[in-house]
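Okay, here's what each chain looks like letter by letter:
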Amino acid sequence: MANSCRKLIFNIYMGFYCSAILPKICICSQFSMSSIDLLNTDPGAFPVATSGEPFPWNKLRLPSMVVPLHYDLLVHPNLTSLDFVASEKIEVLVRDATQFIILHSKDLEIMNVILQSEEDLRYRKPGKRLNILHYPAHEQIALLVPEKLMADLRYSVAIDFQANLANGFEGFYKSTYRTHGGKTRIIAVTDFEPTGARMAFPCFDEPLFKAKFSIKIRRESGHVALSNMPKVKTIELEGGILEDHFETSVKMSTYLVAYVVCDFISVSGTTSSGVKVSIYASPDKWSQTHYALEVSLKLLNFYENYFDINYPLPKLDLIAIPDFESGAMENWGLITYKETSLLFDTKTSSASDKLWVTKVIAHELAHQWFGNLVTMEWWNDIWLNEGFATYMELISLNATYPELQFDDGFCHICFAVIKKDSLNSSHPISNQAETPTQIQEMFDAVSYNKGACILNMLKDFLNEEKFRKGVIYYLKKFSYGNAKNDDLWRSLSNSCLDDITSGEFCYSNSKMTSNILAFLGEHVDVKEMMRTWTLQKGLPLLVIEREGHSLKLRQERFLSGVFKEDPEWTALQEGFLWHIPLTYSTSSSNVVHRHVLKSRTDTLELSEKTSWVKFNVDSNGYYIVHYEGHGWDQLITQLSQNHTLLRPKDRVGLIHDAFQLVSAGRLTLDKALDLTRYLQHETSIPALLKGLEYLELFYHMMHRRNISDVTENLKRYILRYFKPVIDMQSWSDKGSVWDRLLRSTILKLACYLNHAPCIQKATELFSQWMESSGKLTIPSDVLEIVYSIGAQTTVGWNYLLEQYGLSVSGAEKNKILYALSTSKHQEKLIKLIELGMEGEVIKTQELGLLLHAITRSPQGQQLAWNFLRENWTHLLKKFDLGSHAMRIIISGTTSHFSSKDELQEVKLFFESLEAQGLHLDIFQIILETISKNIKWLEKNLPTLKTWLLVSS
C-alpha cells in the first residue's frame, strides 16, 4: 500500500511472542489448549456474545485449530439499492479437534451456515446447519458444531450473507464519479488492507491464513467485473444478469483479495514474458492512462529480471478509483489506485506529479513479490512489505527511469522520517500491534521510510549484488508463504553461500554461523546488527571528536527537543545501542572508509593529514553526525571556499544534520544558518532546496505566531539571498526533473512572499487563462502558482471553484484546491471545508490535505483546529479512527502549534477523547512535537532575530 506515510505478535497466553525479549522460543502452534478444553473451563473467562451466550474464544487473534484452504465466493452487488448478497464455501482443514470455528465478520448479516464433512460431500448429503454467535468487539463469529470436528480432516463451510455497500473507504464500498455531462455514476470496489476483508465476506482475516480463492461476480450488462485473476467465462442468468467466473487464484492472504464492478474502459499491453497489463479508468479519463501503461510494462519486466522470479499471474490490472483513501493498494493482479497516483495528464500534470505516479506504480508492483508472494507473518512486521516496496522504488527507477534522477532525492525519504523517529514517542520498526486501530497505525513513516532507509544502508554495507542475491534467496525460499524479520537477515547472510571469493563481504570460514559475514577483517553478524535497527526505536547520534590523527567516536540516542542538560536526557539514553555501519571520507582523498561501530565509544586513526572529515558518505546511513570542537567550522570553511570538494549528497546531509542538531541543542542556530551561506554558489538543486526548506519552515513558524518583525526580515533575506535563482527561472516546463522541481518550489515561495515580479507574471497568466475560458495552456510546473495568485480575488476564487467541478484531471484539481485554500477570507475557507465534508464537489478523501493546507496562515490554523474539535464525531463516521486520513487530519491541524496555551488546548482535547476510550499513538507524537516547537522558539528566536539583523 502506498501512503504519504503510511501497520504483531502479542498473545502472551500461549507464548507466541516474537520480540527482542523472547526471540528464540517462538512456537508454530499459536494455542496449546484444544477447543474442547476451552469449553470446559470457567464460562466467565470468556466474553458474552450478542445473544447473551458465552462466546467460546477470548483472543483477538484467531485460533489455529482450523485453517482455510480454499474459498469459493459468489458476490452480487446492486448499484441501485447499494447493497450486495453473497455466498461462500470455505474448504477448511482441522488441525486439532474442535467444537467451534472462529471467523472474522464485521457488519455482515449472516443468514445461513451449513457444515459438510468429506463424507457428506462424497455422498451428497445435505450437511448440518450451524448455530452462530457474534462478538462484534473482536469482529468475530463462532460457528458451533453439534459434533466435534476431527483433526486432519477437511470440511466445507457454506455461508449465505448480505450487507450494504460501505460508505467509507474500506471493505466492499461504493465510489462515485461524475461524467463530463454531469451524471453521477456508481461503482463498487474493495479495499481490504489490513482488516477490511471481514467486511465483505466471513473469513480468516489474518495474513498467516493463506488460501486459494475462486470468485464469481454477478453484474448488469452495462458494467464490467474485475478480480485478481483473469475471467474464464460469463454465464447469462434470468433478467439479463451476467455472472463472471474468474480463474482460481494462487495461495494468498485475505487482504489481497479484490474485485470491482464498474463501467470503466482500459488500455492494454503485454510484457516480454507474456503478462497482459491493463490500465482502467472512467471513460472521460481514459486518455490519461497511457503513461501508467508504459511505466507498468517497463517496471514489470525489470522486476521479473531483478528478482529472478516471473510475475506469477497471467494478468495485471491497475485501476484508478474515484474515491480512495490511500495512494494505492497492491491487491494481487488488481492494483487499486487513487486517481492522482495513476493517471497522468500531459497538459496539467507537473514534474512532481510525474515523479509521484511513477514511484507509486514502482511501489505497488514491487509488492507483487514483497507482500504478495512473500507475506509477513503478522502486522508487527508490515515493514517487510512497505519498507521493501519503498526501497525498491529507488532500485527500479534508477534502472528504468534514470532521467527522473530519483536517486538524488532518496535521502529526503530518510530525512522525513527522522523528524518523527527522533521523538521519544516513536516506535520500533517491528512493533506490537493488536487491535485493528493499532494495526492501521503501523502503516506510517517508520514502516515505510525508515524500513527503506535501513535496507538502503544495509545494501551499501553488503554491496548491491550481494544484497540482491540475498533478496532473491529470501523470495524463493518463502514463496507463497509467510516470513518474519529474522528470515530476511538469514537470507541476506546466505547471499554469500555461492560466492566464497575474495570479496569484501563473505563467509570467513565454514564454521561460522549462517548470520555472520567477514567485513574488513571483522566478524559482523547481520541479524545481530539489523536487530538493533528494527527492535529498538529511534536512531543514533554519532559524535566525532578529532585529536590530531585520532578520531574519537561516541554514539548516543538522538533526541529532538530534549537537550543534554535536561534532567530526563540521561534516562532516555539508557539501553540504546546500535551496530552502525559507518562510512567516512576526508579532504585528502575520495576513498570511502568503512567501520562498524558496535560499542558506545571507539577510536579510529587517520592515515594521513587532512583538513576535514565527513561521516555518512552520500547520506546512505540512518544516523545524525555531530562534529565536536572545530569539526563544523572546518566543514563550513570548506563549503564557503570550494563546496565541490564535498559530494553533492554530502552537502545535503550536512545541511540536514546541522538543523537537526539545533533542535537537539547540540549546535547553535547561527552556526547552522552560517553553513547555508555557501548556497549562493550551489549548483546542486537538491542541496539548494534543502537549505531553502529550512528557511521556509522558519518563515511559516514565525508567520503563524504573528512574530511580524522576524517574519518581515526573514522574507527580505530569502528574496534578497535567492534573488539570482528566482530571476533565472522561466515560466515553462523546460529542463531536467530537478530544474523543474526547483522552478515550482522557488517561484511558489517567491509569490507567497509577495515578490512583485512573480505576482505580476502570475496575475498576467491567470487573466489570460480566465479570458480564454480556461482553454489557455499554462505550463504545468507553474500552474499551481498561477492559480494561487488568481484565487486572491473573489472573481478568481469563484471561477477556480467552478473549474474544479468541471476538470477531469486529478492533477489539476489538486492544484486548484491548493490555490483555493490560500484565500485570506475565512468564509471561503469555511466553504471549502463544508464542501469536503459533503463529499460531492470536493471528495471527502481530500479533507486531510485541505485542512493541512489551510493551516499555513494564522487565521487558517485556528479555523482548522476549531473544525476538528467541533466535528470530531462527524469525522469518525467518515474515517476509521486509526486510518491514514484521520491521522493526517489530526496532525495537520495541531502539530504546527508552538505556544503553551495551544499545547494545553490540544492536551485537554486528547484527554477527552481517551476518556471515551479513543486512543491513538499519534496523540503523544503531536504533544511531543508541540513541546519541541515551544522549546525551539524559546531557545532560538533571539538568535534568529540577531542573525537576520546582522545578515541584512
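As the structure is a computational prediction, the values presented were derived from the model and not from experiment.

1. Looking at helix H24 (residues 826–838)
Working step 1: Compared with an ideal rise of 1.5 Å per residue, which puts 13 residues at 18 Å, H24 spans 18 Å between its outermost C-alpha atoms and is within 8% of the ideal.
Working step 2: Those residues of H24 lying buried are Lys828, Leu829, Leu832, Ile833, Leu835, Gly836 and Met837.
Working step 3: The elements touched by buried residues of H24 are helix H22 (794–806), helix H23 (810–821), helix H25 (847–854), helix H26 (858–870) and helix H27 (872–878).
Working step 4: Where H24 ends, the next residue or the one after it, Gly839, has phi of about 80°, a positive value.

2. Here's the deal with the nonpolar core
Working step 1: Residues Phe201, Tyr259 and Phe615 are the most contacted members of the largest nonpolar core, which totals 318 residues.
Working step 2: Counting residues per element, this core draws most heavily on helix H30 (residues 921–951), which supplies 13 residues.
Working step 3: What Phe615 contacts, discounting residues up to four positions off in sequence, is Leu542, Ile544, Leu551, Leu553, Leu582, Thr583, Tyr584, Leu604, Val625 and Tyr627.

3. Points about the state of the cysteines
Working step 1: All chains considered together, the criterion is met by 2 disulfides.
Working step 2: Disulfide pairing places Cys414 opposite Cys453 at an S-S distance of 2.0 Å. Looking down the S-S bond of the Cys414 and Cys453 bridge, the torsion is -110°, so its handedness is left-handed. Within this pair, whereas Cys414 is found in helix H6 (residues 410–421), its partner Cys453 is found in helix H8 (residues 445–462), the two being separated by 39 residues in sequence.
Working step 3: Assessed through its relative accessible area of 2%, Cys453 is described here as buried.
Working step 4: Paired through a disulfide, Cys751 and Cys758 show a sulfur-sulfur distance of 2.0 Å. One quick way to see it: the torsion about the S-S bond of Cys751 and Cys758 is about -100°, and its sign makes the bridge left-handed.

4. Points about the side chain of Gln660
Working step 1: Looking at the secondary structure, you find Gln660 in helix H14 (residues 648–663).
Working step 2: A polar atom in the side chain of Gln660 sits 3.5 Å from the side chain of Tyr694.
Working step 3: When sequence neighbours within four positions are dropped, the list of residues in contact with Gln660 reads Ile418, Phe558, Ile624 and Tyr694.

5. A look at the packing of aromatic side chains
Working step 1: For the structure on display, the rule yields 51 aromatic pairs.
Working step 2: Grouping aromatic residues by their ring pairs yields a cluster made of Phe302, Tyr303, Tyr306, Phe307, Tyr311, Trp369, Phe370, Phe388, Tyr391, Phe467, Tyr474 and Phe478.
Working step 3: The lysine or arginine in question, Lys828, covers the ring of Trp797, its NZ or CZ lying 5.8 Å from the ring centre.

6. Looking at the confidence of the model for the protein
Working step 1: On average, the protein scores 92 in pLDDT, and the residues at 70 or more come to 93%.
Working step 2: Confidence drops under a pLDDT of 50 for residues 4–33, and excluding neighbours within four residues, the segment shows 86 contacts in the predicted structure.
Working step 3: Within the model, pLDDT remains below 50 along residues 496–514, and this stretch shows 33 contacts once partners closer than five positions in the same chain are excluded.

7. Quick notes on helix H13 (residues 631–642)
The periodicity of an α-helix, 3.6 residues per turn, causes residues three or four positions apart to be oriented the same way.
Working step 1: Under the 1.5 Å per step criterion, the end-to-end length of H13 is 17 Å for 12 residues, consistent within 8% with the ideal 16 Å.
Working step 2: Buried within H13 we find Gly631, Trp632, Leu635, Ile636, Gln638 and Leu639. Projection of H13 onto a plane perpendicular to its axis shows the buried side chains occupying an angular sector of 160°, all on one side.
Working step 3: Contact partners of the buried residues in H13: strand E31 (613–615), strand E32 (624–627), H14 and helix H15 (669–675).

Parameters at a glance
Residues numbered from 1 in each chain as written. Predicted model: local features only at pLDDT ≥ 70, side-chain atom pairs only at ≥ 80, totals over all residues. Heavy atoms only, no water. Helix = DSSP H or I, 4+ residues; strand = E, 2+ residues; numbered from the N terminus. Expected span 1.5 Å × (residues − 1). Buried < 20%, exposed > 50% of the residue type's maximum accessible area, 1.4 Å probe, protein only. Contact = heavy atoms within 4.5 Å. Core = buried A, V, L, I, M, F, W, Y, C linked by side-chain atoms within 4.5 Å. Disulfide = S-S within 2.5 Å. Polar contact = N/O pair within 3.5 Å; in protein donor to acceptor, adjacent residues only side chain to side chain. Phe/Tyr/Trp six-rings, centres within 6.5 Å; stacked < 30°, edge-to-face > 60°. Lys NZ or Arg CZ within 6 Å of the ring centre and 35° of its normal. pLDDT = per-residue confidence, 0-100. Arc of directions from axis to C-beta.

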